[in-house]
Amino acid sequence: MLENLTTEARNERTMRLDEMGVTELLKVMNEEDAKVAGAVNQEIPKIAEAVAAITESLRKGGRLIYMGAGTSGRIGLLDAVECPPTFGTSPDQVVGLIAGGSNAFIKAVEGAEDRAELGMVDLQNLGLTGNDAVVGLAASGRTPYVIGGLEYAKRIGAKAISISCNKNAAISSISDIAIEIENGPEVLTGSTRLKAGTSQKLVCNMLSTASMIGLGKVYGNLMVDVQPTNEKLADRAKRIVMEATGCDVSTAENALDLAEGKPKPAILMILTGCTYAVALEKLEQSHGFIGKAVKSTMQ
């Protein structure tokens with residue numbers, strides 16, 4: 001029942017929310033938001049399990065698929081669409097599904113989240129396989145759309161991971177890995193776009209970033225697979241090459257030209273003096289890890 005969920009409980013600190021001055025209100029919101037990182041910290045062991053499972057799926061050629069309704073669905077979609085420019089992934093490697101379809105991102109589609117079969121159908125339309133990892137997001141932990149998707153994922157052997165903001169959530173019982181973040185009651189009762197939404201975003205940040213690090217898409221703390229698809233990202237790619245190698249601007253620009261704009265092979269070319277073709281070969285052999293490629297090239 002909804003009334004038994006922490007996400008639906010009333011916050012004792014905000015019982016007179018409508019009477020508060022703006023400064024008092026904002027301070028209370030900020031203090032409540034400050035609790036979110038601690039709540040996420042409690043679930044790091046489970047998040048680490050999920051990262052390992054997702055990384056394994058991606059290494060096998062599978063996908064990371066987020067699915068949710070409303071705010072939860074939008075958070076998953078947001079993380080998914082940021083992966084190609086940040087990590088050089090293909091658009092179908094990290095996917096976001098939202099109940100009601102892509103139009104529901106900007107305008108609510110009422111009732112879509114209440115149909116469990118739609119979660120299954122959306123995954124079927126993606127051609128879900130046992131190599132994929134499905135992350136179901138539901139602040140309440142009981143959204144039928146997400147339940148239907150996770151049940152289908154488990155049935156065909158895909159990894160089923162859930163993120164909820166209530167303990168003993170319904171989606172936890174059907175997941176291989178259940179992440180339950182207890183943020184406490186919202187400032188505005190039941191408005192899970194607040195602390196619940198923030199905590200889900202933090203977890204998605206961890207899942208995608210840590211998984212991509214595990215795939216060799218980071219060198220040091222640099223996003224070496226960034227796609228320079230606009231002026232800002234092209235400038236960032238150049239600065240990444242300079243930071244990674246200690247070279248000057250002209251050297252970075254020349255290497256990037258030879259490497260078709262890709263920072264990772266450009267870095268390897270500068271560090272080892274190899275050609276673009278050799279850099280690509282060594283990176284493939286090292287599964288994308290620059291450090292390993294440098295060692296193998298210098299041997």
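Residues numbered from 1 in each chain as written. Predicted model: local features only at pLDDT ≥ 70, side-chain atom pairs only at ≥ 80, totals over all residues. Heavy atoms only, no water.

### Focus: the packing of aromatic side chains
Under the criterion given, the structure shown has zero aromatic pairs. One cation-aromatic arrangement involves lysine 292 over phenylalanine 289; the distance from NZ or CZ to the ring centre is 4.6 Å. (Phe/Tyr/Trp six-rings, centres within 6.5 Å; stacked < 30°, edge-to-face > 60°. Lys NZ or Arg CZ within 6 Å of the ring centre and 35° of its normal.)

### Concerning the nonpolar core
Ranked by size, the top nonpolar core spans 29 residues in total, and within it Tyr66, Val135 and Leu207 carry the most contacts. Secondary structure elements with two or more residues in this core: helix H2 (36-41), helix H3 (44-59), strand E1 (64-68), helix H4 (70-87), strand E3 (133-138), strand E4 (159-164), strand E5 (177-180) and helix H7 (195-214). In terms of residue count, H3 provides more of this core than any other element does, six residues in total. With sequence-adjacent residues up to four places away left out, tyrosine 66 is seen in contact with Gly76, Asp79, Ala80, Val94, Val95, Gly96, Leu97, Val135, Leu137, Cys204, Leu207 and Ser208. By size, the runner-up hydrophobic cluster in this structure holds 24 residues, among which are Cys247, Ala259, Cys274 and Val294. (Core = buried A, V, L, I, M, F, W, Y, C linked by side-chain atoms within 4.5 Å. Buried < 20%, exposed > 50% of the residue type's maximum accessible area, 1.4 Å probe, protein only. Helix = DSSP H or I, 4+ residues; strand = E, 2+ residues; numbered from the N terminus. Contact = heavy atoms within 4.5 Å.)

### As for the side chain of threonine 86
For threonine 86, the position within the fold is in helix H4. At 2.8 Å, the side chain of threonine 86 forms a polar contact with the backbone oxygen of glutamate 82. Setting aside anything within four residues of it in sequence, one finds threonine 86 in contact with Met223, Asp225 and Val226. (Polar contact = N/O pair within 3.5 Å; in protein donor to acceptor, adjacent residues only side chain to side chain.)

### Some words on the environment of phenylalanine 289
Mapped onto the elements, phenylalanine 289 comes out in the loop between helix H11 (276-285) and helix H12 (290-298). Sequence separation between phenylalanine 289 and leucine 215 is 74 residues, and the spatial gap between their C-alpha atoms is 7.6 Å. Apart from residues lying up to four places away in sequence, phenylalanine 289 is in contact with Ile213, Gly214, Leu215, Gly216 and Leu283.

### A few points about helix H6 (residues 144-156)
Relative to the 18 Å expected for 13 residues at 1.5 Å per residue, H6 spans 19 Å between its end C-alpha atoms, a close match to the ideal helical length. Turning to H6, its buried residues number three or more, namely Tyr145, Val146, Ile147, Gly148, Gly149, Leu150, Tyr152 and Ala153. Check the buried side of H6 and you find it contacts E1, strand E2 (94-98), helix H5 (116-125), E3 and E4. Backbone geometry just after H6 places glycine 157 at a positive phi near 95°. (Expected span 1.5 Å × (residues − 1).)

### Overview of unusual backbone geometry
Located in the positive-phi region is asparagine 168, a residue other than glycine, with phi close to 55°. Tracing the backbone through its elements, the reader meets asparagine 168 in the loop between E4 and E5. Classification of asparagine 168 as exposed rests on a relative accessible area of 75%.

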